[in-house]
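Residue-level structural notes
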Amino acid sequence: MAAVSMLLRRAALGGCALLIIAAAVKFGSGMQTSTEVLPPAPPWQGQPAAQPSRPAPGVAVVQNDAPSPVPPAGDDISWLRSRALTLPVQGIGASQLSDTYSQARAAGAPHEAIDIMAARGTPVVAAEDGLVAKLFLSKPGGITLYQFDPSNQYAYYYAHLDRYADGIVEGARLHKGQLIGYVGSTGNASPDAPHLHFAIFRLGPERQWWRGTPLNPYLVWRDPGPDRP
Ligand SMILES: [Zn+2]
């Protein structure tokens, strides 16, 4: 009887300890959720919901097979300048760019891109070598293309396209200057002002085509100008 009593007491103590552990785990997980640091919101709207730990169902994350070379952390603009990117709208030179990166756009969200104005149908070319990571139709961006750079560290985003060029498919290998599509006004662009919305962002470790840290493309081709807020 004493042994049973001892067992019961142990069980009670054990149960109590389990409750304490359960409470601690619950409290701990609650703390983790509240302090979890998520990457900044993507610089556009209407993308699939972000998946912090894995790609959304059905989303294939395309990557270069042998990414190289890998840029140093911390000085993205210098690295991108060293890559001598091609301006992605044919016939447009750096002197024609304006810095609209920090302008507010729909719902007060920062633009985090540049708009390169050009006539509808003007060829859009790949800024660098790399892979087509995603062809995506979005409400704000219209017909869009996401490209990964050869190091898998950066993504280039081309939006408001009128259409893609022939042969442009997800996973296609691009070379710098290759025709990828045509300037248009699909999505929320004004039909009277066709342009290429061009963004660059540094990818996170999971290389998700829809999210990253935005960088100002203007600074890749030009120094900060007086028109920059
Ligand atoms: Zn834009």
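Residues numbered from 1 in each chain as written. Predicted model: local features only at pLDDT ≥ 70, side-chain atom pairs only at ≥ 80, totals over all residues.

Things to note about the nonpolar core
Rule in force here: Each nonpolar core reported here comprises buried Ala, Val, Leu, Ile, Met, Phe, Trp, Tyr and Cys residues connected via C-beta atoms within 7 Å. Three exposure classes are used, all based on how many other C-beta atoms lie within 10 Å of a residue's own C-beta (placed from the backbone): buried at 20 or more, exposed at 12 or fewer, and partly exposed between those limits. Working definition: helices are DSSP H or I runs of at least four residues, strands are E runs of at least two. Numbering for both runs from the N terminus. C-beta atoms are first placed from the backbone for all residues, and any pair lying within 7 Å is then listed as a contact.
Membership of the largest hydrophobic core comes to 44 residues, with the highest contact counts inside it found for Val124, Ala155, Tyr157, Tyr158, Leu196 and Phe198. If you list the elements that add at least two residues to this core, you get helix 2 (76-82), strand 1 (114-117), strand 3 (130-138), strand 4 (142-148), strand 5 (154-164), strand 7 (179-183), strand 8 (195-203) and helix 3 (218-221). Ranked by residues supplied to this core, first place goes to strand 5 with seven residues. For Phe198, the contacting residues outside a window of four places in its chain are Pro88, Ala113, Ile114, Ile116, Tyr157, Tyr158 and Pro217.

Details of the environment of Gln147
Within the secondary structure, Gln147 sits in strand 4. Through-space distance from the C-alpha of Gln147 to that of Trp209 is 8.1 Å; in sequence the pair is 62 residues apart. What Gln147 contacts, discounting residues up to four positions off in sequence, is Ala126, Gly130, Leu131, Val132, Ala133, Ala155, Tyr156 and Leu174.

What about the pairing of strand 3?
This is how the line gets drawn: For two strands to pair, DSSP has to find at least two bridges joining them.
Where strand 3 lies against strand 6 (residues 173-174), two bridges are found, and the strand directions are antiparallel. In the strand pairing of strand 6, Gly130 is matched with Leu174. Both strand 3 and strand 4 contribute to a ladder of seven bridges, which runs antiparallel. Note on strand 4: the bridge partner recorded for Leu131 is Phe148.

Describing the environment of Phe136
With respect to the helices, strands and loops of the structure, Phe136 is situated in strand 3. Sequence separation between Phe136 and Ala159 is 23 residues, and the spatial gap between their C-alpha atoms is 9.3 Å. For Phe136, the residues in contact, after removing those within four places along its chain, are Thr144 and Tyr146.

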